[in-house]
Amino acid sequence: MKENADEKEFFGILCREEQFHDDWASSVDPLSVQVDALESACTMPETRYIISSLGKENIKNKKILEIGCGCGEGSVYFAKQGADVTATDLSSRMVELAKKVAELHGVSIAGAVCPSDKLPFSDCSFDIVYAANVIHHVDIENTIREIKRVLKPDGTFVCWDPIKYNPAINIYRKLAEGVRTIDEHPIDSHYVRFLRKNFLKVKNKGFWLFTNLVFVKYYFIDKLDPSKVRYWKKVVDDCDKIKGFYLPLEKIDAFLLKCIPPLKWLCWNMVVIAKGKKNV
C-alpha cells in the first residue's frame, strides 16, 4: 500500500512540475530568451564559471545533454559553440521553446520530452551532461544514476542549483511562491556527498552571498513583488543597470568565500562539477 501511495505522490509531483513549466513556456517570447548572457552577463557568475571550467574551446564537437532545458539558454549556447546538443525537459512546451530559440540563433538542437530519471538514451552516449536549476526539482539519486549511465566513462556532469541553508533566502522562497513550484527541494551537503560516491572528482563552488543584496533592493526599494517577478531572471535583464552595485559585492563574496570556504553553504546557488564515473 505504501509503495502505491509513493508512486501516486511521485506522479502528482511530475504532473505539477509539467503543468507549471508548460504554463511558463507559453508565456515566453522566444526573442526574449537571453542565450549569450550565460557568458556575458555580470550577474550570471555561475555560468561564467562553468564555461571557464569546461574551457570554451573544448565545447566544440562535444556531445552534450541538457537535463531540464527550460527556455533553452544553455542548450542553444552550447550549440553556438559547435557542440552536438540534445535538450530534454519534462515539459513538451519547454522543449518546443528551446528549439525555436535555437532556430532564432541559427543553430539546431535535438529535443526529447522525458523525466530526468528515465532518459531515453544509450549508455555512455554523452561527453557532458548539463543541468541548470534542475536538480532541486527532481528525484535526485535516481536522476544522478541516470546521468551517470548516459555519460561516457571520462565524461563530465555540470550543474548549478539553489542551496537550502541560508535563512534569509528561505524567507525569500516563501515570498516567491507564485513563481516557484511547491515541490522544490534546494540542494544540501548530502547531494554533494552522493556525487562523491559516484564520481572520481567533484568540486563545488558557491555564488551569491552579499550579492543577494540585489534582491533586498528589488524588494524594499523597487517594491517588486517576488511572487510575480522572477528575481533570478530580472538580475540578467538588469545586468547593465545594476553592475555598479553588483560587481563590488561580487568581489566581497570572492574574498570571503576564499578566506572562509564553509560560507559557500550560505550562498544562494552552488555549481558542482563532477568528472569520471566510479564503478559503484
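Look above for the structure.
Residues numbered from 1 in each chain as written. Predicted model: local features only at pLDDT ≥ 70, side-chain atom pairs only at ≥ 80, totals over all residues. Heavy atoms only, no water.

Draft legend 1. Region of interest: empty space enclosed by the protein. Within the structure shown, the criterion is met by 1 cavity of 30 Å³ or more. Contributing to the lining of the largest cavity are Leu38, Thr47, Ile50, Ile51, Tyr77, Phe78 and Tyr130. Those elements that provide at least two residues to the lining of the largest cavity are helix H3 (45–54) and helix H4 (73–80). Residue composition of the lining of the largest cavity, grouped by class: 6 nonpolar, 1 polar and no charged. (1 Å grid on protein atoms, 1.4 Å probe; cavity = no way out; pocket = protein on both sides within 12 Å on 5 of 7 lines; lining within 4 Å. Points joined across faces, edges and corners; volume = space filled by probe spheres on them. Helix = DSSP H or I, 4+ residues; strand = E, 2+ residues; numbered from the N terminus. Nonpolar A, V, L, I, M, F, W, Y, C, P; charged D, E, K, R; others polar.)

Draft legend 2. Highlighting the state of the cysteines. In the structure shown here, the tally under the stated rule is 0 disulfides. No disulfide involves Cys15; its sulfur sits 16 Å from the nearest other cysteine sulfur, which is in Cys114. Exposure remark for Cys15: the relative accessible area of 33% places this residue in the partly exposed category. Between Cys267, a cysteine without a disulfide, and Cys259, which holds the nearest cysteine sulfur, the sulfur-to-sulfur distance is 14 Å. Taking the relative accessible area as the measure of exposure, Cys267 reaches 0% and is therefore buried. (Disulfide = S-S within 2.5 Å. Buried < 20%, exposed > 50% of the residue type's maximum accessible area, 1.4 Å probe, protein only.)

Draft legend 3. Local environment of the nonpolar core. Counting 58 residues, the largest nonpolar core has Phe78 and Tyr130 as its most contacted members. Residue contributions to this core peak at 6 residues, all from helix H5 (residues 92–104). Residues in contact with Phe78, not counting those within four places in the same chain, are Leu54, Ile59, Ile64, Ala83, Val85 and Tyr130. By size, the runner-up hydrophobic cluster in this structure holds 34 residues, among which are Val150, Phe157, Leu195 and Phe199. (Core = buried A, V, L, I, M, F, W, Y, C linked by side-chain atoms within 4.5 Å. Contact = heavy atoms within 4.5 Å.)

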